[in-house]
Amino acid sequence: MLKTLRIVFTIIAAAFLAAILPASTFWDWVGVIICIAGAALFWILMLLCKSAQEKQEHKDDPTPGDFFHPTKTTPIEKTNDREEKND
């Protein structure tokens, strides 16, 4: 559902951006401001849906950590263990 909303909001934002030139010829600066505000609004809505979708996907399928982003459950080897192995 969120992916569909992202696509719809992106298309509407693009339509608002494409309408800037015709709106400027018919309604002068008021039309341009309305089109820019509409494009910004739908772009922000698209970003909100994107972040919500990423949170939902991360909650549904947590991936294990890697070298740069370790998880809290990743065991860390202690230095004492290495010293015992050398003896």
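The notes below deal with the structure included here. (Residues numbered from 1 in each chain as written. Predicted model: local features only at pLDDT ≥ 70, side-chain atom pairs only at ≥ 80, totals over all residues. Heavy atoms only, no water.)

**A short note on the overall build of the protein**
A count of helical and extended segments in the protein gives three helices and zero strands. For the protein, the N- to C-terminal ordering of α and β elements is α-α-α. Every one of the 87 residues in the protein was classed for burial, and the buried ones make up 14%. Considering only residue pairs separated by 6 or more positions, the protein has 54% of its internal contacts joining residues 24 or more positions apart. When the accessible surface of the protein is split by element, carbon and sulfur atoms take 67% of a total near 7,600 Å². (Helix = DSSP H or I, 4+ residues; strand = E, 2+ residues; numbered from the N terminus. Buried < 20%, exposed > 50% of the residue type's maximum accessible area, 1.4 Å probe, protein only. Contact = heavy atoms within 4.5 Å. Areas by Shrake-Rupley, 256 points an atom, 1.4 Å probe, with all protein chains shown as cover.)

**Some details on the nonpolar core**
Core analysis: the largest hydrophobic core is formed by five residues, namely Phe9, Ala13, Phe42, Met46 and Cys49. Per element, the largest residue contribution to this core is three residues, and it comes from helix H2 (residues 20-60). Once you skip the residues sitting within four places of it in the chain, Cys49 turns out to touch Leu2, Leu5, Arg6 and Phe9. (Core = buried A, V, L, I, M, F, W, Y, C linked by side-chain atoms within 4.5 Å.)

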